[in-house]
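# A closer look at the structure
Each chain, letter by letter, is given below.
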Amino acid sequence: MKPVIILGGGAAGLAAAISAARQGSGRVIVAERLDRVGKKLLATGNGRCNLTNLRAGPEGYATSHPKALARILAGTGPQEVLDFFSSLGLLCQEETEGRVYPYCRQAAMVVDVFLTALTRLGIEVRCNWETLRLEPKAGGFQLIAQDGRRMEGSRVVLAAGGRAAPKLGSNGSGFSLARQLGHSCAPLYPALTPLCCGGAGVRGLKGLRAHGALTLQMGGRILGREEGEVQFTEYGLSGIPVMNLSGKALQRQGEACVVFVDLFPQVTRQGLLALLKERRRAYWEESLETLLLGTVPKRLAYALMKSAGLQPLSRKIGSLTAGELAALAAECKAWAFPVEGALGWEQAQATGGGVPLEEVDPATLESRKCPGLHLAGELLDAVGECGGWNLHWAWITGLRAGAAAGRTEG
């Protein structure tokens, strides 16, 4: 009997291997390009491993086929993921906003739990195996490695990862293997990455952090909204809300997008204008340096006033016209940062684009192009928000693909 072969020893591949082996139909082999499995998993959640999110749903993902995405997500929810980890002996705990971590807060422990499960189930791991070709053959598939080694399997789960974070081993080779077997590929883009932005004085804001509400727009159309801590950098904007919006911006390559930052999300523009007018009355003889004192960091305040055309800082607050106050209130509520790009694959946490979801069966993730091939994880055209959404996708697709592959004897 030929084994079930899992190509890729990352999150989706490890889940697929265990799920396949638990079907009891025969041998399972994990073929990993690196010298060990789970390397990228060790870096997730800043080493704490944000396993899943109890709020995970279709609205938190970007894909070219939202209906297919919803069908896939409907089959396995966060509780099934928690049950899976419980079956491995991993104790988990929810933190804020639905984020779930291992109780020990160590990604290394998650990898150790997987390694132990592989051993208990008799799953063979072949590291330093880089697949050059994946070819259908009577009764299954033949895999040919870069060094000439060969092996055959009854079914293959392709879970080779995406292109994000290449220093952790990702190289996007799985996409070429999928193409060899007839699949197409939606354009790839780096997701969950800081954005390179233009805007008045952006370089001078390096190192500043502030709470804000962000709106991403393209041609006047709103693509997304996020709220949280914004980090200003020498190249643009970073922070969780920025990274969550990055995929929506980069998915539309070649189209002009703008991030509008609202630094006073709890106050209306009219309320902010009233506050500025009151400060003008109270601090009539003082300089502009004190107009926003006590609200946002000084450098941020000075940059806002400069962007609104209020200069020099030595100018008296009492000299401000009603129009100038209105311009400052507008800037505080919608400071524009044109998106010029992103830092790229090195800084990205996930891969956008990939194999279209309509090219796989949502119930089994079996290829509609090549029977016997199943696809899972980052190779598929779905990318989620920060907070456990992408690992959730890896687990549910890996578990489903592995179970389907393992149920079919070679």
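Counting from 1, residues in each chain are numbered in the order their sequence is written. Owing to the predicted nature of the model, reporting of local features is limited to residues with pLDDT of at least 70; listing and counting of side-chain atom pairs is limited to 80 or more, with chain, interface and lining totals taken over all residues. In computing side-chain properties, one takes all heavy atoms of the structure into account and sets aside hydrogens as well as water.

### Regarding the state of the cysteines
Here, two cysteine sulfur atoms that lie within 2.5 Å of each other are counted as a disulfide. The tally for this structure, following the rule as stated, stands at zero disulfides. Here C49 is not disulfide-linked; the sulfur of C92 is the nearest cysteine sulfur, at 9.0 Å. Of all cysteine sulfurs, the one in C197 lies closest to C332, which takes part in no disulfide; the gap is 18 Å.

### Quick notes on the packing of aromatic side chains
In this description, a pair of aromatic rings is defined by centroid distance and the angle of the planes. Two rings from Phe, Tyr or Trp (for Trp, the six-membered ring) form a pair when their centres sit within 6.5 Å of each other. Planes less than 30 degrees apart are called stacked, planes more than 60 degrees apart edge-to-face, and all others tilted. Here the structure, examined in full by the defined rule, presents ten aromatic pairs. An angle of 80° between the planes, with centres 6.0 Å apart, marks the rings of F85 and F114 as edge-to-face. Residue F85 is located in helix 3 (residues 78-87), and its partner F114 is located in helix 4 (residues 107-120); the two are separated by 29 residues in the primary sequence. Judged by relative accessible area, F85 falls into the buried class, the value being 1%. Between the aromatic rings of F232 and W335, the centroid separation amounts to 6.2 Å while the plane-to-plane angle is 40°, which identifies the pairing as tilted. Placement of F232 in strand 15 (residues 221-232) and of W335 in strand 18 (residues 335-342) is noted, with a sequence separation of 103 residues between them. A run of DSSP states H or I qualifies as a helix once it reaches four residues; a run of E qualifies as a strand once it reaches two. Both are numbered from the N-terminal end. With a 1.4 Å probe rolled over the protein chains alone, any residue whose accessible area is under 20% of its type maximum counts as buried; one over 50% counts as exposed, and the rest are partly exposed.

### Description of helix 8 (residues 298-307)
Looking at helix 8, one finds that the buried residues are L300, A301, A303, L304 and M305. Positive phi appears at G309, one or two residues downstream of helix 8, with a value of about 85°.

### A short note on the sheet that holds strand 7 (residues 124-126)
The strand order across the open sheet formed by five strands is 7-2-1-11-20, and the pairing between neighbours is parallel. A strand with exactly one partner marks an edge of an open sheet, and here the two such strands are strand 7 and strand 20 (373-375). Across the sheet, the axes of successive neighbouring strands diverge by a mean angle of 20°, strand direction being ignored. With four bridges joining them, strand 1 (residues 4-7) and strand 11 (residues 155-158) adopt parallel strand pairing. Paired with I5 across the bridge in strand 11 is V156. Note on pairing: DSSP must find at least two bridges between two strands before they are called paired. The angle between two axes is taken between their N-to-C directions and runs from 0 to 180 degrees, where each axis is a line fitted to C-alpha atoms and a helix contributes only its stretch in contact.

### Observations regarding the nonpolar core
The biggest cluster of nonpolar side chains holds 74 residues, and the ones touching the most others in it are F85, F114, W393 and W395. Contacts of W395, omitting those with residues within four sequence positions, involve A11, A15, L41, L51, V81, F85 and F114. We define the nonpolar core as a collection of buried residues of types Ala, Val, Leu, Ile, Met, Phe, Trp, Tyr and Cys that are connected through side-chain atoms lying within 4.5 Å of one another. Of all hydrophobic cores here, the second largest spans 44 residues; its members include L216, V259, L288 and L325. For this analysis, residues touch if any pair of their heavy atoms sits within 4.5 Å.

### Some points on unusual backbone geometry
In most cases, non-glycine residues show a negative phi, while peptide bonds are predominantly trans. Residues Q311 and P312 are joined by a peptide bond in cis, for which omega reads -5°. Assignment of secondary structure puts P312 in the loop between helix 8 and helix 9 (322-333). Positive phi, normally seen in glycine, also occurs at C49, with a value near 65°. By secondary structure assignment, the location of C49 is in the loop between strand 2 (28-31) and strand 3 (52-53). Unlike most non-glycine residues, E97 shows phi in positive territory, near 55°. By secondary structure assignment, the location of E97 is in the loop between strand 5 (92-94) and strand 6 (99-102).

### Re helix 5 (residues 173-180)
An α-helical segment advances 3.6 residues per turn. Residues three or four places apart therefore align on the same side. All buried positions along helix 5 are accounted for by G174, F175, L177 and A178. Relative to the axis of helix 5, the buried residues are bounded by an arc of 160° and lie together on one face. Buried residues along helix 5 sit against strand 1, strand 8 (131-137), strand 11, strand 12 (186-191), strand 19 (350-354) and strand 20. Positive backbone phi, at 100°, marks G182, one or two positions downstream of helix 5. This arc describes the spread of directions from the helix axis toward the C-beta atoms.

### A closer look at the environment of P265
Residue position: P265 is located in the loop between strand 17 (258-262) and helix 7 (269-282). Spatially, the C-alpha atom of P265 lies 9.2 Å from that of L214, the residues being 51 residues apart in sequence. The contacts of P265, once residues within four sequence positions are left out, are H211, G212, A213, E227 and K333.

Without other data, these values stay purely geometric and don't point to any function.
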